[in-house]
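The residues making up each chain are set out below.
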Amino acid sequence: MALFGTFGIRGIVNRDLTPELALKMGMSFATFVKDGSLVVGRDGRSSSEMIKNSLISGIISCGVNVIDIGMVPTPVTMFATKTLKTKGGIMITASHNPPEYNGMKFLEPNGMGLKKEKEPIIEEIIKKEDFNLKNWDKIGKIEKKNILPEYSKKILSFVNREKIGNLKIVIDCGNGVGSLTLPYLLENIGCSVITLNSHIDGAFPGRGSEPIPENLSTLQEIVKKTGSDFGVALDGDADRAIFVDEKGNFIQGDRSLALIIKNFIKNREGKVVTTVSTSHIIDDISGNRIIKTKIGDLIVARKLLECGGIIGGEESGGVIFPEFVPGKDGSLATLKMAEIISENKKPLSELIDELPKYYQYKEKIPCENRHKERVISEVDKKLKNYKKDRTDGVKAFTEKGWFIIRPSGTEPIIRCYSESKDKKEAKRLVEFGLKIVKETIDEIAKK
Ligand code: MG
């Protein structure tokens, strides 16, 4: 079985992801890069220190040095890998997954996720146990480094501090590693900060590690009660940011992404990259500058670098500013949001209201992994009379909207999303999509 998923390795600790596997990954990655240094960062999970120690032992045993940057958000590890001129990096994190999970994200020297074609080479080294173990006097060295001052200085150079007024902002860090950076960055630019769940705890006792609507009621309430300008919730490794307006309303990730893109591209040239399942608000505001990819932040990041794009992201609350780091950064998204509200001198709810209005429906149906591919190709055949896009699953267009049917990359489900400016049409399209998927799954199950 392949070890690598959509972005590195992820699994349940001591079942899928053991110290032994971490050791071998360290040995394999070091064998692959041969010499020089690798950056290692980790999140605040209870198992992260254990995984880190194994990984580092593996790396140095093969003669590669380690720059240990300690407990940091994922974008900080990307930043360190890029700026310290290394051979690559590894971030130990399972992002928003529950506490029993952990994972490792492998990075290119420029800080981006590892190129797809390198994954089988690293797996092959593990399979053959073809490790480049060194003599006692050639073992790599470990250097500990606090990169946060450099990261903070650089990230703050991407916002116009003069223009940002004294905003009041509530941050829900979700007991994740964003507690180490975002509150201080916002204070640094003159904002008043109220923090929730800002003590790092690998059990995520506050509101869970994923910033989804059902976890954010406290944030919504505190924003309203304190008369704050907005609220923001980070995921466990602080690469995603989800916003709440001054009235306490939850803002869908693609609407906040649209607002940030709209303001960012105003006086700039360059492409915008998003995915085929993200709202067409982004199409409306980006015009012919838009490029759409398959689902996945790493795929968006790769495309941005390939086409020299200036901004990208997806609906889960990830915004990528490739000039800073080639991956999502929840802190930079939040700083940009503060800048946008200050510059426009309008409340966040009003700025969101000014965006084109679409209605969306998001549904999912259970489907065994082994049937997924067949279901999608059968659905594609059934929709032969539609204008379609096959970038990821099947996306079909009608005069007044679209729907997409695609397999989840991580769970045994098929997703069906629809969107239209007409609420009834959006509902009709999602119901129609669901009906076709259900029929097809039944037909395949009977055979
Ligand atoms: Mg994350």
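Going by the structure above, here's the rest.
What you see is a predicted model; the values in this text were computed from it and never measured. (Residues numbered from 1 in each chain as written. Predicted model: local features only at pLDDT ≥ 70, side-chain atom pairs only at ≥ 80, totals over all residues. Heavy atoms only, no water.)

Draft legend 1. Expanded view of the nonpolar core. Among the nonpolar cores identified, the biggest contains 71 residues, and Ile 169, Phe 230, Ile 260, Ile 311 and Leu 335 are the most heavily contacted of them. Looking at this core, the element that brings in the most residues is helix H11 (residues 330–344), giving seven residues. Mapping this core onto the domain boundaries places at least three of its residues in each of domain 1 (9–145) and domain 2 (150–353). If near-sequence neighbours (up to four positions away) are discounted, Leu 335 is found in contact with Ile 155, Leu 156, Val 159, Ile 164, Leu 185, Leu 186 and Ile 189. Residues Leu 21, Val 33, Leu 38 and Ile 56 belong to the second largest nonpolar core, which totals 29 residues. (Core = buried A, V, L, I, M, F, W, Y, C linked by side-chain atoms within 4.5 Å. Buried < 20%, exposed > 50% of the residue type's maximum accessible area, 1.4 Å probe, protein only. Helix = DSSP H or I, 4+ residues; strand = E, 2+ residues; numbered from the N terminus. Domains from an automatic or database assignment. Contact = heavy atoms within 4.5 Å.)

Draft legend 2. Structural context of helix H2 (residues 48–61). The end-to-end C-alpha separation of H2 is 20 Å, in line with the 20 Å expected for 14 residues at 1.5 Å each. Most of H2 sits out of view: ten of its 14 residues are buried. Those residues of H2 lying buried are Ser 48, Ile 51, Lys 52, Ser 54, Leu 55, Ile 56, Gly 58, Ile 59, Ile 60 and Ser 61. Taken together, the buried residues of H2 touch helix H1 (19–33), strand E2 (37–42), strand E3 (65–71), strand E4 (89–92), strand E5 (101–107) and strand E6 (142–144). Just downstream of H2 lies Gly 63, where phi reads positive at about 80 degrees. (Expected span 1.5 Å × (residues − 1).)

Draft legend 3. Region of the structure containing the environment of Cys 62. As for its placement among the helices and strands, Cys 62 is situated in the loop between H2 and E3. The class for Cys 62 is buried, based on a relative accessible area of 0%. Leaving out residues up to four positions away in the same chain, Cys 62 has contacts with Met 27, Ala 30, Thr 31, Lys 34, Phe 131, Asn 132, Leu 133 and Lys 134.

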